[in-house]
Amino acid sequence: VIPFAYGTSVASFTLARIGYVEGEPETYVLPLAVAFGERASQVEEEFPQAVVARLQGPDQKGLLYEAVGESSLHQALLESIAHRRRFKGENGELVAKPTEVFRHIQRLMKPPLVSAIIKAEQSNTSIVYSDWFILKLLRRAQEGVNLDLEIGLFLTEKSSFAHSPPVAGSLEFRPHHGQPITLGILHGFVPNQGDAWKYTLDVLGNFFEIALATKPELGPELVPQKPLVD
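Residues numbered from 1 in each chain as written. Predicted model: local features only at pLDDT ≥ 70, side-chain atom pairs only at ≥ 80, totals over all residues. Heavy atoms only, no water.

Draft legend 1. Representation of the environment of Pro165. By the element assignment, Pro165 lies in the loop between α4 (147–157) and β12 (167–175). Through-space distance from the C-alpha of Pro165 to that of Glu66 is 28 Å; in sequence the pair is 99 residues apart. When residues no more than four places from it in sequence are discounted, the contact partners of Pro165 are Thr156, His187, Gly188 and Val190. (Helix = DSSP H or I, 4+ residues; strand = E, 2+ residues; numbered from the N terminus. Contact = heavy atoms within 4.5 Å.)

Written as structure tokens, this is what we have:
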């Protein structure tokens, strides 16, 4: 657990190790926060899907919730990368650091910088900052070198290849014992019309719409004569 202060709140970047009956255990990252009173009611109204547990204190009720939907947390994460901040926990520290690309983009930025979570289907959580940055928070954390970060840094800093999003910074947990764990990668934002997955779904959707509209007759040559799977 690494405490991370933002605004008037504190989120705990929690690394939860999950064991299974079969297979290797996995580690997942949850930025958790606690709210009481009016703030708890506000969280439940604005982010009902983020509520993890309901808390009962001696005098008031509260919520344990995932804070990743809060814009104040988004801004604090970006500022932490910009200022190379470190956040200490009992078993290690969270280290935020920028690259030279961050400084270049920062000089071009114009306020206000509006943040939002990308709602595309993906296993991680991505936060976009206007048309300047996109921060990918990794949900399943792994020890050691993160290939996405390593390759991105190489293409950004040591090659002239210009056709990939530049790496602008990173978030890394450095335990007292063991290898570092990458928790987030900040990229320069690249305007686009979607990704290959969305394109595939759109093409398939168009195909089925045309098929339903034309209702082609299936001739004997198109009807399977035996099961496709034994």
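Draft legend 2. Molecular detail of the pattern of salt bridges. Throughout the structure, instances matching the rule amount to eight salt bridges. Between Glu26 and Arg140 there is a salt bridge whose closest N-O contact spans 3.5 Å. Of this pair, Glu26 sits in strand β3 (residues 26–36) while Arg140 sits in strand β11 (residues 140–141), and the two are 114 residues apart along the sequence. Taking relative accessible area as the criterion, Glu26 reaches 22% and is therefore assigned partly exposed. Its salt-bridge partner being Asp148, residue Lys136 comes within 2.7 Å of it at the nearest N-O pair. Here the residue Lys136 occupies a position in strand β10 (residues 133–137), and Asp148 occupies one in helix α4, the gap between them amounting to 12 residues. (Salt bridge = Lys/Arg side-chain N within 4 Å of Asp/Glu carboxyl O. Buried < 20%, exposed > 50% of the residue type's maximum accessible area, 1.4 Å probe, protein only.)

Draft legend 3. A look at a nonpolar patch on the surface. On the surface, Val145, Leu147 and Ile151 cluster together to form a nonpolar patch covering roughly 320 Å² of accessible area. Note on placement: Val145 falls in the loop between β11 and α4. According to the relative accessible area criterion, Val145 is exposed, its value standing at 61%. (Patch = residues over 30% accessible without salt bridge, like charges linked within 9 Å, V, L, I, M, F, W, Y side chains within 5 Å. Areas by Shrake-Rupley, 256 points an atom, 1.4 Å probe, with all protein chains shown as cover.)

Draft legend 4. Fine view of the nonpolar core. Judged by nonpolar contacts, the single largest core of 40 residues is most densely connected at Phe4, Tyr6, Leu77, Leu135 and Leu171. Ranked by residues supplied to this core, first place goes to helix α2 (residues 71–82) with six residues. If we skip the residues at most four places from it in the chain, Tyr6 touches Ala11, Ala33, Tyr65, Ala67, Glu70, Ser72, Leu73 and Ala76. (Core = buried A, V, L, I, M, F, W, Y, C linked by side-chain atoms within 4.5 Å.)

Draft legend 5. Main features of the side chain of Glu70. Within the secondary structure layout, Glu70 lies in the loop between β5 (61–66) and α2. Exposure remark for Glu70: the relative accessible area of 5% places this residue in the buried category. Excluding residues within four positions of it along the chain, Glu70 makes contact with Tyr6, Arg39, Phe47 and Tyr65.

Draft legend 6. Inspection of unusual backbone geometry at higher detail. Pro112 follows Pro111 through a cis peptide bond whose omega is 0°. Here Pro112 lies in the loop between α3 (100–108) and β8 (115–117). At Arg84, a residue that is not glycine, the phi angle is positive and equals roughly 55°. By secondary structure assignment, the location of Arg84 is in the loop between α2 and β6 (86–88). A relative accessible area of 51% means that Arg84 is categorised as exposed. Phi at Ser130 is positive, roughly 45°, even though this residue is not glycine. Along the chain, Ser130 turns up in the loop between β9 (125–129) and β10.

Draft legend 7. Representation of α3 within the structure. Listed in full, the buried residues belonging to α3 are Val101, Phe102 and Ile105. With its buried residues spanning 100° around the axis, α3 presents them on a single face. α3 presents Glu100 and Arg107 as exposed residues on the side facing more than 90 degrees away from its buried surface. (Arc of directions from axis to C-beta.)

Draft legend 8. Representation of the sheet that holds β6 in the model. Pairing is antiparallel in the open sheet, where seven strands are placed in the order β6-β7-β12-β13-β10-β9-β8. Each end of this open sheet is capped by a strand with a single partner; those strands are β6 and β8. The sheet shows a mean angle of 15° between the axes of neighbouring strands, taken without regard to direction. Looking at chain direction, β6 and strand β7 (residues 92–98) are connected through three bridges and run antiparallel. Looking at the pairing, Phe87 lines up with Leu94 of β7. (Pairing = 2+ DSSP bridges. Axes fitted to C-alpha atoms, helices over the stretch in contact; angles between N-to-C directions.)

Draft legend 9. Broad picture of the packing of aromatic side chains. All told, the structure shown has four aromatic pairs when counted by the stated rule. A ring pair is formed by Phe4 and Phe87, whose centres lie 4.5 Å apart and whose planes are at 40°; its orientation type is tilted. One end of the pair, Phe4, is in strand β1 (residues 2–6); the other, Phe87, is in strand β6, and 83 residues separate them in sequence. Per residue, the accessibility class of Phe4 equals that of Phe87, and both read buried. Where Phe207 meets Phe208, the ring centres are 5.3 Å apart and the plane angle is 70°; that geometry is what we call edge-to-face. Assessed through its relative accessible area of 52%, Phe207 is described here as exposed. (Phe/Tyr/Trp six-rings, centres within 6.5 Å; stacked < 30°, edge-to-face > 60°.)

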